[in-house]
Amino acid sequence: MKAVKPKKNLGQHFLVDLSIARRIADTVDAYPAIPVLEVGPGMGVLTQYLVTKEREVKAVEIDTESVRYLHERFPELRDRIISDDFLRMDLHTVFGGQPFVLTGNYPYDISSQIFFKMVDNRDLIPCCTGMIQREVAQRMASAPGSKSYGILSVLIQAWYDVDYLFTVDEGVFNPPPKVKSAVIRMTRNDTRTLGCDEALFRRVVKSVFNQRRKMLRVSLRQLFTDSASRTGFFSQEMLTRRPEQLSVSEFVDLTNLVAAEMGR
């Protein structure tokens, strides 16, 4: 079989260290029994370990050259290698509406989009594991008060518990990326409803972190066309804080405050 050449436009960095590949594949064992969907298998370095587990495995790959390679290398998976763009897929069709574990060596440039899609399909994905850029992993796992705490932290931690598992050096990839990587695991928490308008919650979180150095009373003004007339609202003690100081539950409270003010 002819090896697949990594494509820069797809953000491909193929993992070549088999011991790390096995460790990443084993992260799915934290949530046993249900099927696994691997995103971006490339030449199957994770796939070869995933298929040894006693559960159904499918893989989605956008690169047609990789799909041909995988069909040849894993003939037993031929009908379970999906040639498609994960970001455009209807995930309810993958396993007939059954929940599944999501895993992969995720392309760095779209990893955040993958995880936002995970959040949108949280009832289907009770667990997500895999490898991403270390900086992104740190943001996802950061607690309030950290410089890394931001939009990704809040929107994911609202629905998932995030564990930073281990760091991966640049030299175990072909080609080596310019940054370190990290392996993470996200497990669905007990939250079923936020207790606020979810669309407004996202809007509030993104608005204030886009001006993260400013107090909330400043960054929230963009949500109101007549903010100058809302002196009482902006004088509240909570709005003297900065976004990185708020927990997820406090962002829910803030969203409800904004919603009440918008509806007055």
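Described below are features of the structure shown in this document. The structure displayed is predicted, hence computed values, not measured ones. (Residues numbered from 1 in each chain as written. Predicted model: local features only at pLDDT ≥ 70, side-chain atom pairs only at ≥ 80, totals over all residues. Heavy atoms only, no water.)

## Thoughts on the sheet that holds strand β9 (residues 181-188)
Then, number 1: Strands sit in the order β4-β3-β2-β5-β6-β9-β7 across an open sheet of seven strands; the sheet is mixed. Of all the strands in the sheet, the pair left with one neighbour each is β4 (81-83) and β7 (160-168). Sheet twist, expressed as the mean angle between neighbouring strand axes with direction ignored, is 20 degrees.
Then, number 2: Inspection of the sheet shows β7 paired to β9 by eight bridges, in the antiparallel sense. Note that in β9 the partner of V168 across the bridge is S181.
Then, number 3: Its contacts with the sheet place helix α1 (residues 18-26) against β6 (127-133), β7 and β9, and it is angled at close to 170 degrees to β7.
Then, number 4: Packed on one face of the sheet, helix α3 (residues 64-73) meets β3 (57-61) and β4 and runs near 160 degrees to β4. (Pairing = 2+ DSSP bridges. Helix = DSSP H or I, 4+ residues; strand = E, 2+ residues; numbered from the N terminus. Axes fitted to C-alpha atoms, helices over the stretch in contact; angles between N-to-C directions. Contact = heavy atoms within 4.5 Å.)

## Some points on α1
Then, number 1: If you check which residues of α1 are buried, you get I20, A21, I24 and A25. Buried residues of α1 fall within an arc of 140 degrees about the axis and therefore sit on the same side.
Then, number 2: Residues of α1 that are buried make contact with β1 (14-15), α2 (47-50), β6, β7 and β9. (Buried < 20%, exposed > 50% of the residue type's maximum accessible area, 1.4 Å probe, protein only. Arc of directions from axis to C-beta.)

## Concerning the pattern of salt bridges
Then, number 1: This model, assessed by the stated rule, comprises 13 salt bridges.
Then, number 2: The closest approach of N and O atoms between K53 and D26, which form a salt bridge, is 2.8 Å. Of the two residues, K53 is situated in the loop between α2 and β3 and D26 in helix α1; the sequence distance between them amounts to 27 residues.
Then, number 3: What makes K53 buried here is its relative accessible area of 15%.
Then, number 4: A salt bridge links R202 to D120; the nearest nitrogen and oxygen atoms lie 2.5 Å apart. In this pair, R202 sits in helix α7 (residues 198-209) while D120 sits in helix α4 (residues 111-120), placing the two residues 82 residues apart along the sequence.
Then, number 5: Salt bridges sharing common partners tie together D120, R122, E198 and R202. (Salt bridge = Lys/Arg side-chain N within 4 Å of Asp/Glu carboxyl O.)

## A closer look at unusual backbone geometry
Then, number 1: In this structure, the amide linkage connecting N174 to the following residue, P175, adopts the cis form with an omega of -10 degrees.
Then, number 2: The phi angle at A33 is positive, at roughly 80 degrees, despite the residue not being glycine.
Then, number 3: Structurally, the position occupied by A33 is in the loop between α1 and β2 (36-39).

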